[in-house]
Amino acid sequence: MLGRIRRLAIKEFIQLSRDRLMVLFMIVIPGVQLVGLAQAVGRGVSDLSLAVVDYDRSAESRALALKLD
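Residues numbered from 1 in each chain as written. Predicted model: local features only at pLDDT ≥ 70, side-chain atom pairs only at ≥ 80, totals over all residues. Heavy atoms only, no water.

1. Details of the pattern of salt bridges
- The full count for this structure, using the stated rule, is one salt bridge.
- Residue Glu12 is joined to Lys11 by a salt bridge in which the shortest nitrogen-to-oxygen separation is 2.9 Å.
- Take Glu12: its relative accessible area is 40%, and that puts it in the partly exposed class.
- Using a relative accessible area of 46% as the deciding quantity, one classes Lys11 as partly exposed. (Salt bridge = Lys/Arg side-chain N within 4 Å of Asp/Glu carboxyl O. Buried < 20%, exposed > 50% of the residue type's maximum accessible area, 1.4 Å probe, protein only.)

2. Focus: a nonpolar patch on the surface
- A contiguous nonpolar surface patch, about 820 Å² in accessible area, is contributed by Leu21, Met22, Leu24, Phe25, Met26, Ile27, Val28, Ile29 and Val32.
- Relative to the assigned elements, Leu21 resides in helix α2 (residues 20-42).
- With relative accessibility at 48%, the residue Leu21 sits in the partly exposed group. (Patch = residues over 30% accessible without salt bridge, like charges linked within 9 Å, V, L, I, M, F, W, Y side chains within 5 Å. Areas by Shrake-Rupley, 256 points an atom, 1.4 Å probe, with all protein chains shown as cover. Helix = DSSP H or I, 4+ residues; strand = E, 2+ residues; numbered from the N terminus.)

See below:
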């Protein structure tokens, strides 16, 4: 079983060495996506407006809404 996997991996590496465009699609493009995603996620969330819809209108719900501010 491991011999088959090893032969398949060798075959794929040989194919990669023949087709440079495939290397671009398999390594470079996902790498760029990974860096872009890390940049997007790494910036925290700040300065968001908050709205509370209080259908209960009780003292407890008003106190909770005030704590959110």
